[in-house]
Amino acid sequence: MRILALGRRIVSDSPFPSVPAALLTIEVVVGAEHPDEERPDIAQVARSRPTSRLEVGRSTAAWVKTRWVAQRYDSSAAWLWTLKGSRWLRHEMTCRDVVVSLDVETDRALAAAPDLLRTVPWLTRPAFAEVCAQLDMLDTLLSDIVEAAGEGLGEDDLDAHIRSWAARMRRIDLGSLGPLQPVRAVARTARALLGSWGPHHTSPVVIKVLDDPRWDAGLRGRSGLLAHRMMADLWSTCAEERPTQESLVDAVDVTLSSAQEARHQGLGEQSLDLHTDAMALLFHRELHAEVCHSPLVDDPGEYLRALWDSPVHRTLVTGRKRTRVTQVHMNSRRRPRVLILTGAYGEFHHPVASALRPIAKVHGFRPVSRGNRLWQRFTTPGVLPSLAHLGVAPEHDWPGLPAMEESQAAVVSRLREALGATDVVFSDWADRSSAVVSHILPEGVRMVLRVHSLDALDPWFHLMRWPAVDQIIVTSEPLQSLVRDLLLSAGAWTPVVVLPNLVPLPNYDRPKHPDARRTLGLVGWGRRVKDPLWALDLLAREPSWRLRLIGPDFKAQSSAVTAAYVDAVRSRLTDPSMKDRVDVVGRTDDVAAELAHVGVILSSSRRENFHLGLVEGAASGAVPVVRDWPLWASRGGAVSLFPTDWVVANLDEAEARVRAVTSQEAWLDQGQLAQTQAREFFDPTEAARGYIEAILPGHADARR
């Protein structure tokens, strides 16, 4: 904030009130009638000395009017005349946000000439002192909230703290702040909490404490606070209470515009903070990851238009031109070196590494430990600034950007060292590690990226520098369709190939237990996207069927919609008609042993990329029943991946298929057919050849 402290006389023993530096960065200039060497000469007059009778008349009339106005307001005519004629003051009004009057004479002069300051608001010195007192209270409150975030509060403690914080916020007279509303600092607090605490704890703090309705509506949008409130609402409210799609789009647009304005003003860090806010809202998982319909999937070009129109975003992901690496040379003296980035969300890379080892020297690399959520979380402060530092001439592109944090610089340094000693990078998941590598990849190193359905819906995908990626692998045609459209929005032309997951199918062929024929199975059930309620609805249609739920339960911390969904699942599992017919196995290291109890393997999901557990079930001899995944309905659905007789459109078709395939005569034949189809569709030998060809072009036959 640029503040002008304006007074007729400067009183040295009355210091100017101080504003908390954490809330507002201010620049104060003091203007006075009798300046000393350190103060500006406010008495400079723009009017030239009148030289003609007409000019003398006009000047005299202006002076008479000034005296009359000054008398009405009990003001000093000389001081009002000085202010109205000051060339210096007129210039200052073009670059000041607030004027603070330092004495009663200036109060009266400013009241007498409301157009003197143009549109710049002004405060009396007592009013400004009260503003500073209120800002001190707010500064203490925000500091206490951030400090509590590092203490690992339990749910009860957090609720008590939120009630106390909300009461303290209500006691602060935000209306007295006038133009000095530190909404950017409040948004910065929300940003820090979300990065360290995550959405479960941060959302109620934003809703009940930080996003006070007394804040100026325009400042909420331009500061990023509106985006954080929208994210909190998506996490904390049920579907019918959530913001509309139109309001979400408007919030993203204003935040992106503010990011560009901040960059234009030379505020690189603020620009990237705001851009983070916009992307975090645009790709909020409650909008895309566990739903039946997503605007990102249905019409990505329109949904991402504002993002790719943003100069901030284009600058962030634009780097040096790079020659695509289409060949990896092999000779008898040195096998090609392949570096595998293991990814943040799950470990599916081991079969790929096994396929490559006979012909390549394979090394795995995990940038940070799996437990370090701060490296994985997009909303961690400093994520986009760290990417901006990896570009060409960041000091030119991003003025005002602070140095990269030491911990992040250390990770990037280790990555650079590993990349310098490899020929090919195979990165499993389009996550933060992949994005960083795409920004620092040396010339001549081939990069192959495997994209899963979850990361295609995440912001990291859109922070890749696509010229660095030579080949993309996906495991289904619906995902291939989406990825191609996402690349089109980014103006990228990276080739995308469909290859199935490498599944050791023979390992799952074990004798079935006697009770398997009428037992339905669901692998990896403890997430809303897996929709176990659909499986329970199917189970309810026949009292003689059983259901086996294999894999970990739901996580404790979840969104309001997920919490309501979990409550519904728990209620169904304890229902007297259900509870004795459902076996909850939990996490296991031997899925094949559990599948020996399953005669019908289900895929009840809203979205899948490949559904490894389903294919494993089919390989075990269980008959597949696959819901036509609704999120992919506009892109071919599950029928584009599996045999058509596996896929059902609704519960009625699912019930009919289960009844047909579980009869005594049909079940063994249908199970054997499912095994045969799984081997034909997802033959691991052919799949391995496909991975070798994609990662090491021209060397798929080298294993023979």
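Residues numbered from 1 in each chain as written. Predicted model: local features only at pLDDT ≥ 70, side-chain atom pairs only at ≥ 80, totals over all residues. Heavy atoms only, no water.

Enquirer: Mind laying out helix 8 (residues 199–210), listing which residues take part and the relevant values?
Expert: When the terminal C-alpha atoms of helix 8 are compared, their 14 Å separation across 12 residues is substantially less than the 16 Å that a helix rising 1.5 Å per residue should span. Most of helix 8 sits out of view: nine of its 12 residues are buried. Among all positions of helix 8, only His200, His201, Thr202, Ser203, Pro204, Val205, Val206, Val209 and Leu210 are buried. Each element contacted by the buried residues of helix 8 is listed here: helix 5 (125–149), helix 6 (155–171), helix 7 (183–197) and helix 10 (225–236). (Helix = DSSP H or I, 4+ residues; strand = E, 2+ residues; numbered from the N terminus. Expected span 1.5 Å × (residues − 1). Buried < 20%, exposed > 50% of the residue type's maximum accessible area, 1.4 Å probe, protein only. Contact = heavy atoms within 4.5 Å.)

Enquirer: Describe the pairing of strand 3 (residues 98–101), naming the residues involved and giving the relevant values.
Expert: Residues of strand 3 alternate between two faces, with Val98 and Val100 on one and Val99 and Ser101 on the opposite face, all of them buried. Of the pairings in the sheet, the one linking strand 3 to strand 4 (residues 122–123) comprises two bridges and is parallel in character. When the sheet's bridge partners are listed, Val99 is paired in strand 4 with Trp122. A crossover connection joins strand 3 to the parallel strand 4 through helix 4 (residues 104–112); in handedness this β-α-β unit is right-handed. (Pairing = 2+ DSSP bridges. Right-handed = clockwise from strand over helix to strand, strands pointing away.)

Enquirer: Give me the environment of Gly671: which residues, what numbers.
Expert: Take Gly671: it is sitting in helix 31 (residues 667–681). The residues touching Gly671, leaving out its near neighbours within four places in the chain, are Gly621 and Val623.

Enquirer: Describe in detail the nonpolar core, supporting the description with residues and values.
Expert: Judged by nonpolar contacts, the single largest core of 103 residues is most densely connected at Leu463 and Phe642. Among the elements that make up this core, the one with the highest residue count is helix 12 (residues 268–282) (seven residues). For Leu463, the residues in contact, after removing those within four places along its chain, are Met279, His313, Leu316, Val317, Phe378, Leu384, Leu387, Ala435, Ser438 and His439. By size, the runner-up hydrophobic cluster in this structure holds 41 residues, among which are Trp165, Ile172, Ala185 and Val205. (Core = buried A, V, L, I, M, F, W, Y, C linked by side-chain atoms within 4.5 Å.)

Enquirer: Give a description of the packing of helix 22 (residues 406–419) against helix 23 (residues 432–440) that names residues and reports values.
Expert: Two quantities define a packed helix pair, namely the angle between the axes and the distance from one axis to the other. Contact geometry of helix 22 with helix 23 gives a least axis separation of 11 Å together with a crossing angle of 65 degrees. You can see that helix 22 and helix 23 cross each other, and the crossing is right-handed. Contact residues: helix 22 offers Gln408, Val412, Leu415, Arg416 and Leu419, while helix 23 offers Arg432, Val436, Val437 and Ile440. A class-by-class count of the residues in the contact of helix 22 with helix 23 yields six nonpolar, one polar and two charged. (Axes fitted to C-alpha atoms, helices over the stretch in contact; angles between N-to-C directions. Left-handed = near helix turned anticlockwise from the far one by under 90°. Nonpolar A, V, L, I, M, F, W, Y, C, P; charged D, E, K, R; others polar.)

Enquirer: Lay out the pairing of strand 1 (residues 2–6) with the relevant residues and their values.
Expert: Of all five residues in strand 1, four are buried, a share of seventy percent or more. Bridge count for strand 1 against strand 3 is four bridges, and the pairing is parallel. Bridged to Leu6 within strand 3 is Ser101.

Enquirer: Explain the packing of aromatic side chains to me, using residue names and the numbers behind them.
Expert: Summed over the entire model, instances satisfying the criterion amount to 11 aromatic pairs. Aromatic pair Phe378 and Trp460: ring centres 5.4 Å apart, planes at 85 degrees, arrangement edge-to-face. Of this pair, Phe378 sits in the loop between helix 19 (373–376) and helix 20 (383–388) while Trp460 sits in the loop between helix 24 (453–456) and strand 9 (471–474), placing them 82 residues apart in sequence. For the residue pair Phe378 and Trp460, the accessibility class agrees, reading buried in each case. Arranged with centres 6.0 Å apart and planes meeting at 75 degrees, the rings of Phe642 and Phe682 form a pair that is edge-to-face. Taken together, the residues span a long stretch of sequence, with Phe642 in the loop between strand 15 (623–627) and strand 16 (647–648) and Phe682 in the loop between helix 31 and helix 32 (684–695) at a distance of 40 residues. A relative accessible area of 2% means that Phe642 is categorised as buried. (Phe/Tyr/Trp six-rings, centres within 6.5 Å; stacked < 30°, edge-to-face > 60°.)

In short, shape yes, function no, at least from these values alone.
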